[in-house]
Amino acid sequence: MVSIASWNINSVRLRLPSVARFLQEEQPDVLCLQEIKTIEQTFPFEALKDLGYTHQIVHGQKGYHGVATISRLPIREFSRHDWQDNGEARHVGVELLGPGQGMILENVYVPAGGDIPDRAENPKFGQKLDFLERMTRWADRLDRPTLIVGDFNIAPLECDVWNHKQLLKVVSHTPVEVDTLQRFKDAHGWVDIGREHIAAPGRYYSWWSYRAKDWKVGDRGRRLDHMWASPELAAQATAHRVLEPCRDWQQPSDHVPLVTEFDL
């Protein structure tokens, strides 16, 4: 059994106590972090090694973005794509070398895309769509069992947001984003593990805005974080969890972790 976790931590150094608590309580074999907001030189390698996560691959950036994959199992860096095409640190891929040997694990942080869902008025929105199109061309050539996880910054299904009609024109749930993400899904035949285990229209959110005084009262969530697998790998997923209580921890991230267990 191998357990893989994914979490947009929104600053790994600021929220290191939360990362440590999560690792101690949940004991995943591998944790993929997004939005670490630090360069490699200031990543908390030693603190995480002390918790047993001795294998660490970091693609960092000062103050923004950044991804890291830390593991109790041996891993090696496998890929590092610039799907943003501007040098931002938004992806790193690893290969598992221990139990689960041969699995490719891709960790990605898709751009948020700004506030206006119009490429002409908002270049960031166009960059987001272009990022996904580059991912799609990459996915079309994949020939190994792969798990891609991270903050996709898109809630694709009507039931993936607290109010479908109100959010149709809000970046993260617009039809053009949903269609673009669907093309990425079709390019490799990805299986959406979250929705395999928490079937639509079941409630499933992974992000709640900081603007809400009490995130639980309004429960205005969105499912922005995902774990998608090649079909043969998805068939080996035995469990999937969304750890909503983490949203209540001290100085929380606005995202919560996802965990999938595989019988490999």
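Right, let's get into the packing of aromatic side chains. If you walk through the whole model with that rule in mind, you get eleven aromatic pairs. Taking the centre distance of 5.2 Å and the plane angle of 80 degrees together, the rings of F152 and W228 count as edge-to-face. Residue F152 is found in the loop between strand 8 (146-151) and helix 4 (164-167), and its partner W228 is found in strand 12 (residues 225-229); the two are separated by 76 residues along the sequence. For the residue pair F152 and W228, the accessibility class agrees, reading buried in each case. Cluster of aromatic residues (ring-pair linked, three or more members): W83, F131, W138, F152, F184, W190 and W228.

This brings us to the environment of V2. Its location among the elements puts V2 in strand 1 (residues 2-8). The residues touching V2, leaving out its near neighbours within four places in the chain, are D29, L73, L96, P99, G100, T260, E261, F262 and L264.

Turning next to the nonpolar core. Residues I4, L96, L105, L147 and F262 are the most contacted members of the largest nonpolar core, which totals 26 residues. Taken together, the elements giving at least two residues each to this core come down to strand 1, strand 2 (30-34), strand 6 (91-96), strand 7 (104-109), strand 8, strand 12, helix 8 (231-234) and strand 14 (258-262). If you tally residues by element for this core, the top one is strand 6, at three residues. L147 has contacts with I4, M103, I104, L105, E106, I193, M227, W228, A229, L233 and F262, leaving out every residue within four places of it along the chain. If you look at the next biggest cluster of nonpolar residues, it comprises 20 residues, including I9, L33, L48 and C246.

For the rest of this paragraph, the subject is the pattern of salt bridges. Taken as a whole, this structure holds 21 salt bridges when the rule is applied. Between R223 and D160 there is a salt bridge, with its nearest N and O atoms 2.9 Å apart. Taken together, the positions of R223 in the loop between strand 11 (221-222) and strand 12 and D160 in the loop between strand 8 and helix 4 put the pair 63 residues apart, joining distant regions of the chain. Shared partners join several salt bridges into a network, and the residues in it are D160, D192, R195 and R223.

For the rest of this paragraph, the subject is the sheet that holds strand 5 (residues 75-79). If you walk across this open sheet you meet the six strands as 5-6-7-8-12-9, and the pairing is mixed. Across the chains shown, the open sheet's two edge strands, defined by having one partner strand only, are strand 5 and strand 9 (191-192). Both strand 5 and strand 6 contribute to a ladder of four bridges, which runs antiparallel. Bridging across to strand 6, R76 finds its partner in E95. Packed on one face of the sheet, helix 3 (residues 123-139) meets strand 7 and strand 8 and runs near 170 degrees to strand 7.

Further remarks concern the layout of surface pockets. Here the largest pocket is characterised by a volume of approximately 1,200 Å³. Of all the secondary-structure elements, those providing two or more residues to the lining of the largest pocket are helix 3, strand 10 (207-208) and helix 7 (215-218). Ranked by the residues each element gives to the lining of the largest pocket, the list is headed by helix 3, at three residues.

Quick look at the packing of helix 3 against helix 5 (residues 175-188) now. Put simply, helix 3 and helix 5 touch, their axes get as near as 8 Å, and they point 15 degrees apart. Taken as axis vectors, helix 3 and helix 5 run roughly parallel relative to one another. Like other packed secondary-structure pairs, helix 3 and helix 5 cross with a definite hand, here left-handed. On helix 5, the residues touching F125, K128, L129, L132, E133, M135, T136, W138 and A139 of helix 3 are V176, E177, T180, L181, R183, F184, A187 and H188. Considered class by class, the residues forming the contact of helix 3 with helix 5 number ten nonpolar, three polar and four charged.

Right, let's get into helix 1 (residues 16-26). What helix 1 keeps buried is the set S18, V19, A20, F22 and L23. Against strand 1, strand 2, helix 2 (45-49), strand 4 (67-71) and strand 14 lie the buried residues of helix 1.

Cis geometry is found at the peptide bond from A200 to P201, where omega equals 5 degrees. Residue placement: P201 occurs in the loop between helix 6 (193-197) and strand 10. Even without a glycine there, the phi angle at N153 is positive, about 55 degrees. Relative to the assigned elements, N153 resides in the loop between strand 8 and helix 4.

The buried fraction of strand 8 is high, at six of six residues. Read from strand 7 through helix 3 to strand 8, the crossover connection turns out right-handed. As paired strands, strand 8 and strand 12 are joined by five bridges and run antiparallel to one another. Among the inter-strand pairings, D151 is bridged to a residue of strand 12, identified as D225.

What counts, and where the lines are drawn
- Residues numbered from 1 in each chain as written.
- Predicted model: local features only at pLDDT ≥ 70, side-chain atom pairs only at ≥ 80, totals over all residues.
- Heavy atoms only, no water.
- Phe/Tyr/Trp six-rings, centres within 6.5 Å; stacked < 30°, edge-to-face > 60°.
- Helix = DSSP H or I, 4+ residues; strand = E, 2+ residues; numbered from the N terminus.
- Buried < 20%, exposed > 50% of the residue type's maximum accessible area, 1.4 Å probe, protein only.
- Contact = heavy atoms within 4.5 Å.
- Core = buried A, V, L, I, M, F, W, Y, C linked by side-chain atoms within 4.5 Å.
- Salt bridge = Lys/Arg side-chain N within 4 Å of Asp/Glu carboxyl O.
- Pairing = 2+ DSSP bridges.
- Axes fitted to C-alpha atoms, helices over the stretch in contact; angles between N-to-C directions.
- 1 Å grid on protein atoms, 1.4 Å probe; cavity = no way out; pocket = protein on both sides within 12 Å on 5 of 7 lines; lining within 4 Å.
- Points joined across faces, edges and corners; volume = space filled by probe spheres on them.
- Parallel < 35°, antiparallel > 145°, perpendicular 65-115°, else oblique.
- Left-handed = near helix turned anticlockwise from the far one by under 90°.
- Nonpolar A, V, L, I, M, F, W, Y, C, P; charged D, E, K, R; others polar.
- Right-handed = clockwise from strand over helix to strand, strands pointing away.

Fair warning: the whole summary comes from geometry, so function is off the table for now.
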